[in-house]
Amino acid sequence: MPEQITLYTAKAELALSESKLPYKRFEIDLKNKPDWYAPKVNPVSKVPAIAYGGPDVPPENPSPESQKIAESYVLLEFFADISEVPLLPKDPVLRAKARFFAESVTPKAFNGYYGVVVRGEDPELLLSAIDTVQSLLPTEGYAIGEWSIADAAVTPFFARAEVAFKHDFGKYEEGKGKSIWAKVENDEKYARFRKYFNDIKTRDSFKKTFDAICPWAHRTELALKESKLPYKRFEIDLSNKPEWYAPKVNPASKVPAIAYGGPDVPPENPSPESQKIAESYVLLELFADLSSEVPLLPKDPVQRAKARFFIETVTPKFSGAYYGALTRGEDPELILAAVDVIQSLLPAEGFAVGEWSIADAAVLPFFARAEVTVGNDIGKFEEGKGKATWAKIENDEKYARFKKYFNDLKSRDSFKETFHPDYVRNSFAKRFVRA
(Lines give C-alpha, C1' and ligand atoms only; values in the text may rest on other atoms or scores of the structure.)
Protein backbone atom coordinates (compact mmCIF):
# COMPACT_ATOMS: atom_id res chain seq x y z
CA MET A 1 0.00 0.00 0.00
CA PRO A 2 1.41 3.39 -0.90
CA GLU A 3 2.64 5.00 2.27
CA GLN A 4 3.10 8.32 0.51
CA ILE A 5 -0.64 8.91 0.08
CA THR A 6 -2.50 10.08 3.18
CA LEU A 7 -5.82 8.59 4.22
CA TYR A 8 -7.57 11.83 3.32
CA THR A 9 -5.84 12.23 -0.03
CA ALA A 10 -6.79 8.64 -0.83
CA LYS A 11 -10.46 9.58 -0.38
CA ALA A 12 -10.17 12.31 -3.00
CA GLU A 13 -8.19 10.15 -5.40
CA LEU A 14 -10.72 7.32 -5.21
CA ALA A 15 -13.51 9.73 -6.15
CA LEU A 16 -11.47 11.32 -8.93
CA SER A 17 -10.68 7.93 -10.39
CA GLU A 18 -14.36 6.98 -10.37
CA SER A 19 -15.42 10.32 -11.84
CA LYS A 20 -13.21 10.06 -14.96
CA LEU A 21 -12.46 13.76 -14.53
CA PRO A 22 -9.06 14.69 -16.01
CA TYR A 23 -6.47 15.71 -13.44
CA LYS A 24 -2.75 15.94 -12.81
CA ARG A 25 -1.41 14.55 -9.57
CA PHE A 26 1.38 16.29 -7.68
CA GLU A 27 2.86 15.03 -4.43
CA ILE A 28 4.49 17.11 -1.74
CA ASP A 29 6.64 16.00 1.16
CA LEU A 30 4.28 16.21 4.14
CA LYS A 31 7.16 16.47 6.60
CA ASN A 32 8.82 19.26 4.67
CA LYS A 33 6.11 21.10 2.76
CA PRO A 34 7.42 23.55 0.14
CA ASP A 35 7.37 27.22 1.06
CA TRP A 36 4.93 28.05 -1.72
CA TYR A 37 2.22 25.57 -0.69
CA ALA A 38 0.47 27.49 2.12
CA PRO A 39 0.46 30.97 0.55
CA LYS A 40 -0.40 29.77 -2.98
CA VAL A 41 -2.62 26.70 -2.47
CA ASN A 42 -3.98 26.09 1.03
CA PRO A 43 -3.46 28.60 3.85
CA VAL A 44 -3.89 25.88 6.50
CA SER A 45 -1.14 23.89 4.75
CA LYS A 46 -3.02 20.57 4.68
CA VAL A 47 -3.61 18.01 1.93
CA PRO A 48 -5.44 17.26 -0.24
CA ALA A 49 -6.02 20.45 -2.19
CA ILE A 50 -6.62 21.26 -5.84
CA ALA A 51 -6.25 24.18 -8.21
CA TYR A 52 -9.39 24.06 -10.35
CA GLY A 53 -9.58 25.89 -13.67
CA GLY A 54 -7.13 28.38 -15.13
CA PRO A 55 -4.19 27.60 -17.45
CA ASP A 56 -2.01 24.49 -17.22
CA VAL A 57 0.98 25.66 -15.18
CA PRO A 58 3.61 24.09 -12.89
CA PRO A 59 2.12 23.23 -9.47
CA GLU A 60 4.54 25.51 -7.64
CA ASN A 61 3.15 28.46 -9.62
CA PRO A 62 -0.64 27.98 -9.57
CA SER A 63 -2.50 30.51 -11.65
CA PRO A 64 -4.47 33.23 -9.83
CA GLU A 65 -7.25 32.35 -12.28
CA SER A 66 -7.65 28.89 -10.73
CA GLN A 67 -9.83 28.20 -7.71
CA LYS A 68 -8.01 26.63 -4.75
CA ILE A 69 -10.18 24.08 -2.98
CA ALA A 70 -9.15 21.94 0.00
CA GLU A 71 -10.34 19.44 2.63
CA SER A 72 -11.10 15.88 1.56
CA TYR A 73 -14.85 15.85 2.20
CA VAL A 74 -15.30 19.25 0.54
CA LEU A 75 -13.49 17.85 -2.48
CA LEU A 76 -15.64 14.71 -2.54
CA GLU A 77 -18.79 16.84 -2.72
CA PHE A 78 -17.19 19.11 -5.32
CA PHE A 79 -16.25 16.18 -7.56
CA ALA A 80 -19.81 14.90 -7.25
CA ASP A 81 -21.09 18.32 -8.38
CA ILE A 82 -18.90 18.52 -11.49
CA SER A 83 -18.72 14.86 -12.55
CA GLU A 84 -20.74 13.48 -15.46
CA VAL A 85 -20.38 10.08 -13.78
CA PRO A 86 -22.81 10.13 -10.83
CA LEU A 87 -20.91 10.11 -7.54
CA LEU A 88 -24.06 10.86 -5.53
CA PRO A 89 -27.64 9.79 -6.32
CA LYS A 90 -30.18 12.35 -7.52
CA ASP A 91 -32.70 11.46 -4.83
CA PRO A 92 -32.25 13.93 -1.90
CA VAL A 93 -33.02 11.23 0.68
CA LEU A 94 -30.34 8.91 -0.70
CA ARG A 95 -27.90 11.82 -0.87
CA ALA A 96 -28.59 12.47 2.82
CA LYS A 97 -28.07 8.77 3.58
CA ALA A 98 -24.71 8.83 1.77
CA ARG A 99 -23.58 11.80 3.85
CA PHE A 100 -24.86 10.18 7.04
CA PHE A 101 -22.91 7.02 6.24
CA ALA A 102 -19.70 9.02 5.71
CA GLU A 103 -20.23 11.10 8.86
CA SER A 104 -21.11 8.09 11.04
CA VAL A 105 -18.46 5.64 9.83
CA THR A 106 -15.47 7.96 9.35
CA PRO A 107 -14.74 8.75 13.03
CA LYS A 108 -15.28 5.13 14.07
CA ALA A 109 -13.09 3.81 11.24
CA PHE A 110 -10.43 6.43 12.05
CA ASN A 111 -10.30 5.29 15.70
CA GLY A 112 -10.42 1.65 14.65
CA TYR A 113 -7.32 2.13 12.51
CA TYR A 114 -5.37 5.18 13.67
CA GLY A 115 -6.23 4.94 17.36
CA VAL A 116 -5.15 1.32 17.44
CA VAL A 117 -2.08 1.38 15.20
CA VAL A 118 -0.64 4.74 16.26
CA ARG A 119 -1.87 5.16 19.85
CA GLY A 120 -1.98 1.50 20.89
CA GLU A 121 -5.66 1.38 21.74
CA ASP A 122 -7.60 -1.91 21.80
CA PRO A 123 -7.82 -3.46 18.30
CA GLU A 124 -11.41 -4.47 19.12
CA LEU A 125 -12.28 -0.86 18.21
CA LEU A 126 -12.06 -1.91 14.58
CA LEU A 127 -14.77 -4.50 15.08
CA SER A 128 -16.98 -1.82 16.61
CA ALA A 129 -16.50 0.29 13.47
CA ILE A 130 -17.38 -2.71 11.29
CA ASP A 131 -20.54 -3.29 13.34
CA THR A 132 -21.56 0.29 12.55
CA VAL A 133 -20.86 -0.22 8.84
CA GLN A 134 -22.96 -3.39 8.76
CA SER A 135 -25.85 -1.70 10.56
CA LEU A 136 -25.98 0.98 7.84
CA LEU A 137 -25.32 -1.10 4.72
CA PRO A 138 -28.20 -2.19 2.50
CA THR A 139 -28.60 -5.92 1.83
CA GLU A 140 -26.63 -5.65 -1.43
CA GLY A 141 -24.23 -3.21 -3.02
CA TYR A 142 -22.33 -0.30 -1.53
CA ALA A 143 -23.09 2.25 1.19
CA ILE A 144 -26.37 3.33 -0.43
CA GLY A 145 -26.61 0.71 -3.18
CA GLU A 146 -24.65 2.23 -6.06
CA TRP A 147 -21.05 3.32 -5.46
CA SER A 148 -20.84 6.89 -4.15
CA ILE A 149 -18.55 9.30 -2.37
CA ALA A 150 -19.71 7.67 0.88
CA ASP A 151 -17.62 4.65 -0.09
CA ALA A 152 -14.64 6.81 -1.04
CA ALA A 153 -14.86 8.50 2.36
CA VAL A 154 -14.39 5.31 4.39
CA THR A 155 -12.43 2.91 2.17
CA PRO A 156 -8.93 4.23 2.98
CA PHE A 157 -9.29 3.47 6.70
CA PHE A 158 -10.24 -0.16 6.10
CA ALA A 159 -7.61 -0.62 3.39
CA ARG A 160 -4.88 0.59 5.74
CA ALA A 161 -6.29 -1.43 8.64
CA GLU A 162 -6.22 -4.64 6.60
CA VAL A 163 -2.51 -4.32 5.86
CA ALA A 164 -1.57 -3.15 9.36
CA PHE A 165 -3.60 -5.74 11.28
CA LYS A 166 -2.63 -8.65 9.03
CA HIS A 167 1.04 -7.92 9.74
CA ASP A 168 0.46 -7.00 13.38
CA PHE A 169 1.82 -3.49 12.77
CA GLY A 170 1.00 -1.08 15.56
CA LYS A 171 1.54 -0.14 19.18
CA TYR A 172 -1.03 -2.57 20.57
CA GLU A 173 -0.39 -5.93 22.26
CA GLU A 174 1.47 -8.34 19.96
CA GLY A 175 -0.76 -10.80 18.12
CA LYS A 176 -3.99 -8.87 18.63
CA GLY A 177 -4.03 -7.31 15.16
CA LYS A 178 -3.77 -10.65 13.35
CA SER A 179 -6.39 -12.10 15.67
CA ILE A 180 -8.85 -9.27 14.98
CA TRP A 181 -8.42 -9.40 11.20
CA ALA A 182 -8.84 -13.18 11.26
CA LYS A 183 -12.28 -12.55 12.79
CA VAL A 184 -13.09 -10.08 10.01
CA GLU A 185 -12.07 -12.62 7.37
CA ASN A 186 -13.59 -15.75 8.85
CA ASP A 187 -16.42 -14.95 11.28
CA GLU A 188 -19.85 -15.22 9.70
CA LYS A 189 -20.86 -12.25 11.83
CA TYR A 190 -18.83 -9.99 9.53
CA ALA A 191 -19.91 -11.56 6.22
CA ARG A 192 -21.77 -8.44 5.01
CA PHE A 193 -18.79 -6.15 5.67
CA ARG A 194 -16.46 -8.67 4.05
CA LYS A 195 -18.58 -8.73 0.89
CA TYR A 196 -18.76 -4.92 0.87
CA PHE A 197 -15.01 -4.48 1.31
CA ASN A 198 -14.14 -7.17 -1.26
CA ASP A 199 -16.48 -5.53 -3.78
CA ILE A 200 -14.75 -2.19 -3.21
CA LYS A 201 -11.33 -3.76 -3.71
CA THR A 202 -12.33 -5.11 -7.14
CA ARG A 203 -12.96 -1.60 -8.48
CA ASP A 204 -10.34 0.02 -10.72
CA SER A 205 -10.34 3.12 -8.53
CA PHE A 206 -9.14 1.06 -5.57
CA LYS A 207 -6.47 -0.73 -7.59
CA LYS A 208 -5.10 2.56 -8.93
CA THR A 209 -5.00 4.11 -5.47
CA PHE A 210 -3.80 1.21 -3.34
CA ASP A 211 -2.46 -1.67 -5.45
CA ALA A 212 0.72 -2.54 -7.28
CA ILE A 213 0.69 -6.03 -8.67
CA CYS A 214 3.80 -8.09 -9.35
CA PRO A 215 5.09 -8.19 -12.96
CA TRP A 216 4.04 -11.83 -13.38
CA ALA A 217 0.47 -11.11 -12.32
CA HIS A 218 0.58 -7.90 -14.37
CA ARG A 219 1.24 -9.98 -17.50
CA THR A 220 -2.00 -11.87 -17.07
CA GLU A 221 -4.08 -8.81 -16.29
CA LEU A 222 -2.83 -7.08 -19.44
CA ALA A 223 -3.94 -10.09 -21.50
CA LEU A 224 -7.30 -10.27 -19.72
CA LYS A 225 -7.94 -6.57 -20.35
CA GLU A 226 -7.15 -7.00 -24.05
CA SER A 227 -9.25 -10.16 -24.34
CA LYS A 228 -12.46 -8.61 -22.97
CA LEU A 229 -13.03 -11.89 -21.09
CA PRO A 230 -15.10 -11.36 -17.91
CA TYR A 231 -13.21 -11.89 -14.67
CA LYS A 232 -13.16 -10.98 -11.01
CA ARG A 233 -9.87 -9.82 -9.52
CA PHE A 234 -8.79 -10.79 -6.02
CA GLU A 235 -5.48 -9.82 -4.45
CA ILE A 236 -3.63 -11.66 -1.72
CA ASP A 237 -0.87 -10.34 0.49
CA LEU A 238 2.27 -11.87 -1.05
CA SER A 239 4.23 -11.55 2.18
CA ASN A 240 1.50 -13.19 4.26
CA LYS A 241 -0.54 -15.48 2.02
CA PRO A 242 -3.81 -16.73 3.50
CA GLU A 243 -3.78 -20.30 4.75
CA TRP A 244 -6.42 -21.38 2.24
CA TYR A 245 -4.47 -20.27 -0.85
CA ALA A 246 -2.05 -23.19 -1.30
CA PRO A 247 -4.43 -26.07 -0.50
CA LYS A 248 -7.41 -24.60 -2.35
CA VAL A 249 -5.90 -22.69 -5.29
CA ASN A 250 -2.20 -23.24 -6.05
CA PRO A 251 -0.11 -25.87 -4.22
CA ALA A 252 3.04 -23.96 -5.21
CA SER A 253 1.59 -20.93 -3.36
CA LYS A 254 2.54 -18.52 -6.15
CA VAL A 255 0.62 -15.88 -8.09
CA PRO A 256 -1.04 -15.44 -10.48
CA ALA A 257 -3.64 -18.20 -10.38
CA ILE A 258 -7.28 -18.49 -11.41
CA ALA A 259 -10.32 -20.57 -10.62
CA TYR A 260 -11.94 -21.18 -14.02
CA GLY A 261 -15.55 -22.26 -14.30
CA GLY A 262 -17.88 -23.39 -11.54
CA PRO A 263 -20.30 -21.20 -9.55
CA ASP A 264 -19.58 -17.63 -8.43
CA VAL A 265 -18.29 -18.05 -4.86
CA PRO A 266 -16.05 -16.12 -2.44
CA PRO A 267 -12.35 -16.44 -3.39
CA GLU A 268 -11.46 -18.06 -0.05
CA ASN A 269 -13.89 -20.90 -0.84
CA PRO A 270 -13.28 -21.79 -4.50
CA SER A 271 -15.68 -24.37 -5.84
CA PRO A 272 -14.40 -27.93 -6.47
CA GLU A 273 -16.19 -27.59 -9.82
CA SER A 274 -13.76 -24.87 -10.94
CA GLN A 275 -10.40 -25.62 -12.54
CA LYS A 276 -7.42 -24.13 -10.69
CA ILE A 277 -4.78 -22.92 -13.15
CA ALA A 278 -1.55 -21.11 -12.30
CA GLU A 279 1.73 -19.73 -13.73
CA SER A 280 1.65 -16.53 -15.77
CA TYR A 281 2.77 -18.02 -19.10
CA VAL A 282 0.33 -20.93 -18.81
CA LEU A 283 -2.44 -18.40 -18.17
CA LEU A 284 -1.42 -16.23 -21.14
CA GLU A 285 -1.79 -19.25 -23.41
CA LEU A 286 -5.10 -20.20 -21.79
CA PHE A 287 -6.53 -16.72 -22.32
CA ALA A 288 -5.43 -16.87 -25.97
CA ASP A 289 -7.28 -20.18 -26.33
CA LEU A 290 -10.42 -18.84 -24.64
CA SER A 291 -10.57 -15.43 -26.31
CA SER A 292 -12.72 -15.79 -29.40
CA GLU A 293 -13.74 -12.16 -29.75
CA VAL A 294 -10.22 -10.70 -29.60
CA PRO A 295 -7.28 -12.72 -30.99
CA LEU A 296 -4.36 -12.80 -28.52
CA LEU A 297 -2.18 -14.96 -30.79
CA PRO A 298 -2.05 -15.00 -34.59
CA LYS A 299 -3.66 -17.91 -36.46
CA ASP A 300 -0.54 -18.67 -38.50
CA PRO A 301 1.51 -21.39 -36.71
CA VAL A 302 4.81 -19.77 -37.68
CA GLN A 303 3.74 -16.42 -36.24
CA ARG A 304 2.52 -18.17 -33.09
CA ALA A 305 5.92 -19.80 -32.75
CA LYS A 306 7.61 -16.42 -33.22
CA ALA A 307 5.47 -14.92 -30.45
CA ARG A 308 6.47 -17.71 -28.07
CA PHE A 309 10.13 -17.39 -29.06
CA PHE A 310 9.96 -13.65 -28.34
CA ILE A 311 8.65 -14.36 -24.85
CA GLU A 312 11.19 -17.08 -24.10
CA THR A 313 14.10 -14.96 -25.34
CA VAL A 314 13.22 -11.49 -24.08
CA THR A 315 11.84 -12.36 -20.63
CA PRO A 316 15.04 -13.77 -19.08
CA LYS A 317 17.30 -11.36 -20.94
CA PHE A 318 15.51 -8.18 -19.88
CA SER A 319 14.23 -9.21 -16.46
CA GLY A 320 17.66 -10.62 -15.56
CA ALA A 321 19.41 -7.34 -16.41
CA TYR A 322 16.73 -5.27 -14.71
CA TYR A 323 16.55 -7.22 -11.45
CA GLY A 324 20.33 -7.57 -11.39
CA ALA A 325 20.65 -3.79 -11.37
CA LEU A 326 17.72 -3.11 -9.03
CA THR A 327 18.35 -5.75 -6.38
CA ARG A 328 22.02 -6.75 -6.68
CA GLY A 329 23.65 -3.53 -7.82
CA GLU A 330 24.83 -4.83 -11.18
CA ASP A 331 25.59 -2.38 -13.99
CA PRO A 332 22.33 -0.99 -15.47
CA GLU A 333 24.09 -0.87 -18.86
CA LEU A 334 23.32 -4.59 -19.12
CA ILE A 335 19.75 -3.51 -19.88
CA LEU A 336 21.00 -2.03 -23.14
CA ALA A 337 22.20 -5.46 -24.28
CA ALA A 338 18.69 -6.75 -23.62
CA VAL A 339 17.23 -3.89 -25.65
CA ASP A 340 19.56 -4.84 -28.52
CA VAL A 341 18.10 -8.35 -28.46
CA ILE A 342 14.54 -7.00 -28.47
CA GLN A 343 15.27 -4.77 -31.44
CA SER A 344 16.77 -7.69 -33.36
CA LEU A 345 13.48 -9.59 -32.95
CA LEU A 346 10.97 -6.81 -33.59
CA PRO A 347 9.42 -6.35 -37.05
CA ALA A 348 9.87 -2.97 -38.74
CA GLU A 349 6.45 -1.83 -37.51
CA GLY A 350 3.96 -2.86 -34.86
CA PHE A 351 4.34 -5.11 -31.86
CA ALA A 352 6.34 -8.27 -31.17
CA VAL A 353 4.81 -10.17 -34.10
CA GLY A 354 3.03 -7.27 -35.82
CA GLU A 355 -0.40 -7.27 -34.16
CA TRP A 356 -0.60 -7.07 -30.35
CA SER A 357 -0.31 -10.52 -28.75
CA ILE A 358 0.45 -12.26 -25.48
CA ALA A 359 4.14 -11.80 -26.38
CA ASP A 360 3.73 -8.10 -25.63
CA ALA A 361 1.81 -8.75 -22.40
CA ALA A 362 4.61 -11.05 -21.24
CA VAL A 363 7.40 -8.46 -21.45
CA LEU A 364 5.76 -5.06 -20.92
CA PRO A 365 5.60 -5.24 -17.08
CA PHE A 366 9.40 -5.45 -16.90
CA PHE A 367 9.94 -2.52 -19.27
CA ALA A 368 7.48 -0.39 -17.29
CA ARG A 369 9.09 -1.13 -13.94
CA ALA A 370 12.56 -0.50 -15.32
CA GLU A 371 11.57 2.90 -16.68
CA VAL A 372 10.06 3.97 -13.35
CA THR A 373 12.91 2.67 -11.16
CA VAL A 374 16.15 2.63 -13.16
CA GLY A 375 15.08 5.77 -15.02
CA ASN A 376 14.74 7.51 -11.65
CA ASP A 377 18.03 6.05 -10.36
CA ILE A 378 16.24 3.71 -7.95
CA GLY A 379 18.24 0.57 -7.23
CA LYS A 380 21.39 -0.73 -5.58
CA PHE A 381 23.67 0.21 -8.49
CA GLU A 382 26.15 3.10 -8.56
CA GLU A 383 24.41 6.45 -8.19
CA GLY A 384 23.71 8.18 -11.51
CA LYS A 385 24.11 5.07 -13.64
CA GLY A 386 20.41 4.29 -13.87
CA LYS A 387 19.45 7.72 -15.15
CA ALA A 388 22.36 7.67 -17.60
CA THR A 389 21.32 4.29 -18.96
CA TRP A 390 17.68 5.23 -19.40
CA ALA A 391 18.66 8.55 -20.99
CA LYS A 392 20.44 6.55 -23.71
CA ILE A 393 17.28 4.53 -24.36
CA GLU A 394 15.24 7.73 -24.62
CA ASN A 395 17.67 9.84 -26.64
CA ASP A 396 20.06 7.61 -28.60
CA GLU A 397 18.84 6.97 -32.15
CA LYS A 398 20.28 3.46 -31.81
CA TYR A 399 17.32 2.55 -29.58
CA ALA A 400 14.60 4.28 -31.63
CA ARG A 401 12.82 1.04 -32.57
CA PHE A 402 12.56 -0.11 -28.95
CA LYS A 403 11.41 3.35 -27.87
CA LYS A 404 8.62 3.34 -30.48
CA TYR A 405 7.59 -0.20 -29.48
CA PHE A 406 7.51 0.66 -25.76
CA ASN A 407 5.59 3.91 -26.32
CA ASP A 408 3.03 2.11 -28.47
CA LEU A 409 2.52 -0.47 -25.69
CA LYS A 410 2.09 2.26 -23.09
CA SER A 411 -0.56 4.01 -25.16
CA ARG A 412 -2.96 1.05 -24.93
CA ASP A 413 -5.85 1.15 -22.46
CA SER A 414 -4.86 -2.25 -21.04
CA PHE A 415 -1.60 -0.73 -19.79
CA LYS A 416 -3.08 2.56 -18.55
CA GLU A 417 -5.68 0.68 -16.51
CA THR A 418 -3.24 -1.74 -14.85
CA PHE A 419 0.00 0.14 -14.13
CA HIS A 420 0.44 2.79 -11.45
CA PRO A 421 3.91 4.37 -11.74
CA ASP A 422 3.74 6.61 -8.67
CA TYR A 423 3.20 3.64 -6.42
CA VAL A 424 5.92 1.52 -8.02
CA ARG A 425 8.44 4.36 -7.84
CA ASN A 426 7.77 5.19 -4.21
CA SER A 427 7.52 1.64 -2.90
CA PHE A 428 10.63 0.45 -4.75
CA ALA A 429 12.58 3.49 -3.56
CA LYS A 430 11.92 2.33 0.00
CA ARG A 431 12.72 -1.34 -0.71
CA PHE A 432 15.92 -0.99 -2.72
CA VAL A 433 18.04 1.54 -0.88
CA ARG A 434 21.54 2.13 -2.15
CA ALA A 435 24.20 1.15 0.42
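Cut-off values and rules
Residues numbered from 1 in each chain as written. Predicted model: local features only at pLDDT ≥ 70, side-chain atom pairs only at ≥ 80, totals over all residues. Heavy atoms only, no water. Helix = DSSP H or I, 4+ residues; strand = E, 2+ residues; numbered from the N terminus. Rg over C-alpha atoms; globule rule 2.2 N^0.38 Å. Buried < 20%, exposed > 50% of the residue type's maximum accessible area, 1.4 Å probe, protein only. Contact = heavy atoms within 4.5 Å. Areas by Shrake-Rupley, 256 points an atom, 1.4 Å probe, with all protein chains shown as cover. Axes fitted to C-alpha atoms, helices over the stretch in contact; angles between N-to-C directions. Parallel < 35°, antiparallel > 145°, perpendicular 65-115°, else oblique. Left-handed = near helix turned anticlockwise from the far one by under 90°. 1 Å grid on protein atoms, 1.4 Å probe; cavity = no way out; pocket = protein on both sides within 12 Å on 5 of 7 lines; lining within 4 Å. Points joined across faces, edges and corners; volume = space filled by probe spheres on them. Nonpolar A, V, L, I, M, F, W, Y, C, P; charged D, E, K, R; others polar. Domains from an automatic or database assignment. Salt bridge = Lys/Arg side-chain N within 4 Å of Asp/Glu carboxyl O.

### Some words on the overall build of the protein
Working step 1: Broken down by element type, the protein carries 19 helices and four strands.
Working step 2: Relative to the compact-globule value of 22 Å for 435 residues, the protein shows a C-alpha radius of gyration of 23 Å, a close match.
Working step 3: C-alpha extents for the protein along the principal axes are approximately 60 × 60 × 45 Å.
Working step 4: Taken across its 435 residues, the protein has 49% of its residues classed as buried.
Working step 5: Sequence separation of at least 24 residues holds for 68% of the intrachain contacts in the protein that already meet a minimum separation of 6.
Working step 6: Put simply, the protein shows about 21300 Å² of open surface, and 53% of that area lies on carbon and sulfur atoms.

### Focus: the side chain of R192
Working step 1: Along the chain, the position of R192 falls in helix 8 (residues 191–201).
Working step 2: Sequence-distant contacts of R192, defined by excluding residues within four places in its chain, comprise Q134, L137, P138, T139, E140 and G141.

### Concerning the packing of helix 3 (residues 72–82) against helix 6 (residues 149–166)
Working step 1: The interhelical angle for the contact between helix 3 and helix 6, taken along N-to-C directions, is 150°, at an axis separation of 10 Å. With respect to their mutual orientation, helix 3 and helix 6 come out roughly antiparallel. Here helix 3 and helix 6 pass one another in a crossing that is right-handed. When helix 3 is examined against helix 6, the residues Y73, L76, E77 and A80 are found in contact with a partner set consisting of I149, A152 and A153.

### Thoughts on the layout of surface pockets
Working step 1: Estimated volume of the second largest pocket: approximately 1100 Å³.
Working step 2: Along the walls of the second largest pocket sit 39 residues, with K24, F26, A49, I50 and A51 positioned nearest its centre.
Working step 3: At the level of secondary structure, the elements contributing two or more residues to the lining of the second largest pocket comprise helix 1 (7–19), strand 1 (49–52) and helix 3.
Working step 4: Looking at side-chain class alone, the lining of the second largest pocket contains 27 nonpolar, seven polar and five charged residues.

### Focus: the domain arrangement of the protein
Working step 1: Split into domains, the protein comes out as domain 1 (7–82), domain 2 (92–209), domain 3 (212–290) and domain 4 (301–432).
Working step 2: For domain 2 versus domain 4, the distance between C-alpha centres works out to 38 Å.

### Observations regarding unusual backbone geometry
Working step 1: With an omega of 5°, the peptide bond running from V47 to P48 counts as cis.
Working step 2: Counting through the fold element by element, P48 comes out in the loop between helix 2 (37–40) and strand 1.
Working step 3: The phi dihedral of K228 is positive, around 70°, even though this residue is not glycine.
Working step 4: Its place among the elements puts K228 in the loop between helix 10 (215–227) and helix 11 (245–248).
Working step 5: On the basis of relative accessibility, which here comes to 57%, the residue K228 falls in the exposed class.
Working step 6: Notably, D377 is not glycine yet its phi reads approximately 65°, a positive angle.
Working step 7: Note that D377 resides in the loop between helix 15 (358–373) and helix 16 (385–395).
Working step 8: Accessibility expressed as a relative area gives 12% for D377, which makes it buried.

### Thoughts on helix 12 (residues 280–290)
Working step 1: Of the residues making up helix 12, those classed as buried are S280, L283, L284, E285, L286, F287 and A288.
Working step 2: In the core, the buried residues of helix 12 are packed alongside helix 10, strand 3 (257–260), strand 4 (275–278), helix 13 (301–328) and helix 15.

### Re the pattern of salt bridges
Working step 1: Here the structure, examined in full by the defined rule, presents 21 salt bridges.
Working step 2: Residue R99 is joined to E77 by a salt bridge in which the shortest nitrogen-to-oxygen separation is 2.7 Å. Placement of R99 in helix 4 (residues 92–117) and of E77 in helix 3 is noted, with a sequence separation of 22 residues between them.

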